[in-house]
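Architecture at a glance
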Amino acid sequence: MARAPGPSGIPSVCSASAMVLEAAMRATLPTALPLLVEATCNQVNQEGGYTGMTPADFRGFVEAIAAAQGFPLDRLILGGDHLGPNPWKALPAEEAMQRAEAMVSAYAAAGFTKLHLDCSMGCRGEPTALDDATTAGRAARLAAVAEASRPGGDIPAPVYIIGTEVPIPGGAMEELGELELTDPEAARTTVDIHREAFAAAGQSEAFARVIGVVVQPGVEFGNHNVIDYDSAKAGPLSAVLDDLPGVVFEAHSTDYQRRANLAALVQDGFAILKVGPGLTFALREALYGLDAIAEELHPGARPRGLRAAMEAVMLAQPANWDRYYEGDDAERALQRHFSYSDRIRYYWPQPEAREALDRLFALLGDAALPETLIGQHLGARYAEVRGGRLAPQARALALASVEAVMQDYISACGG
């Protein structure tokens, strides 16, 4: 359906990678778009998450990168994704919700102004997926905590996202075929039931700041394949927005969609485009290319290369990939490094991984890398280097690989 012309969408960068965030800022800075950076409940929470960062820590981390890049803080939006009891779903519901309240309070107090309230997943003894009324009631409970924890001052009141997508955050585990889109009536019901639950909790003012609903528009990626957006199939769902003034749809798992598909999503009202693994996948591609170039230029200079170091880290700590990758040993080894789900991204913060990456960049330094090796191992960057638009240096090549993905999102969002 036709939407208003001009900037009408926004990329949502879901990553705690310093290089990804630097590249996102470099790509966004020359545009009119703000930069929305989001952390997930498992990644950043009051207990540290898998990054070891609290929401206040994450804010400081992102703002330090912005300062180094000259990115204005007034163009930076911080968000929290899937905020709810999911990190503690093995606990009884009340205990998990108390921890979720502490998390949401920490996000709100740290000045995060886009909060996705997601209480759809069952806790100990509950169904895997909860009914709408329970989900909405718990979301309203978290909204009340967020409202009470607002820092005031110049920080605006938070806006809220409600609803959830069906697949697990971070991509599906299996080979994907046909996807079931969110039923249009289910989207309306989600909004109506949340409105009632917020009112019952005395949070109607907070509900007035609900700006988005998470739906499944027919985009997803598994370990091996990507389901492309089909605007015609999404038409009935998109039409629901005519009945929801001031609300857009938020599309998760838009990673690996082609630029034309991203533009169509925005045009159809799926205005918030979440991307995370697609960015770290592009960074990993570039780093492995540089790893191969380093081995050509400096054979034997390192105790082991980057890929070998990452394999050792993942084998030593299999929790973040083992249950997500299927097949024989060779297939699982392939997925550890090259799956679209990019679960290797959980391992870059590990000390052994950081040390291996530091060795790679120290070895290559600021030297001009041979064009022939860039063409061989980083072919997507070759034309930019040959055309004089990109320095043939290791760090510049890695950042440019992430920026190229960001440019698809920026273009689609009118930037």
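Our subject in this report is the structure included herewith. (Residues numbered from 1 in each chain as written. Predicted model: local features only at pLDDT ≥ 70, side-chain atom pairs only at ≥ 80, totals over all residues. Heavy atoms only, no water.)

**Here we look at the overall build of the protein chain**
Tallying secondary structure elements over the protein chain gives 15 helices and 10 strands in all. Radius of gyration (C-alpha) of the protein chain: 21 Å, near the 22 Å computed for a compact globule of 415 residues. Taking the principal axes of its C-alpha atoms as reference, the protein chain extends roughly 65 × 45 × 45 Å. Counting all 415 residues of the protein chain, 53% fall into the buried class. Considering only intrachain contacts with a sequence separation of at least 6, the fraction spanning at least 24 residues in the protein chain is 75%. Treating the 33 positive side-chain charges of the protein chain as one cloud and the 53 negative ones as another, the clouds have centres 4 Å apart. (Helix = DSSP H or I, 4+ residues; strand = E, 2+ residues; numbered from the N terminus. Rg over C-alpha atoms; globule rule 2.2 N^0.38 Å. Buried < 20%, exposed > 50% of the residue type's maximum accessible area, 1.4 Å probe, protein only. Contact = heavy atoms within 4.5 Å. Lys, Arg positive; Asp, Glu negative; His and termini not counted. Charge placed at Lys NZ, Arg CZ, Asp CG, Glu CD.)

**Digging into helix α15 (residues 394–412)**
The end-to-end C-alpha distance of α15, which contains 19 residues, comes to 28 Å, matching closely the 27 Å that a straight helix rising 1.5 Å per residue would cover. In terms of burial, α15 is largely enclosed, as 14 of its 19 residues are buried. (Expected span 1.5 Å × (residues − 1).)

**Some thoughts on the environment of Gly 222**
Topologically, Gly 222 is positioned in the loop between β7 (220–221) and β8 (226–227). Each C-alpha atom, one on Gly 222 and one on Ala 129, is 21 Å from the other, the two residues being 93 residues apart in sequence.

**Re the nonpolar core**
In this structure, Phe 249, Phe 270, Leu 287, Leu 290, Leu 306 and Met 310 are the most contacted members of the largest nonpolar core, which totals 118 residues. Looking at which element gives the most residues to this core, the answer is α15, with 12 residues. Setting aside its immediate chain neighbours within four residues, Leu 306 contacts Leu 287, Tyr 288, Asp 291, Trp 348, Ala 356, Leu 357 and Leu 360. Counting residues in each nonpolar core, the second largest holds 5 residues, with Leu 36, Ile 161, Val 214 and Ile 272 among its members. (Core = buried A, V, L, I, M, F, W, Y, C linked by side-chain atoms within 4.5 Å.)

**Some details on empty space enclosed by the protein**
Summed over the entire model, instances satisfying the criterion amount to 1 cavity of 30 Å³ or more. What the largest cavity holds in volume is close to 30 Å³. Surrounding the largest cavity, Pro 11, Thr 28, Leu 33, Pro 34, Leu 35, Leu 36, Met 406 and Ile 410 form its lining. Those elements that provide at least two residues to the lining of the largest cavity are β2 (35–40) and α15. Considering only residue class, the lining of the largest cavity consists of 7 nonpolar, 1 polar and no charged. (1 Å grid on protein atoms, 1.4 Å probe; cavity = no way out; pocket = protein on both sides within 12 Å on 5 of 7 lines; lining within 4 Å. Points joined across faces, edges and corners; volume = space filled by probe spheres on them. Nonpolar A, V, L, I, M, F, W, Y, C, P; charged D, E, K, R; others polar.)

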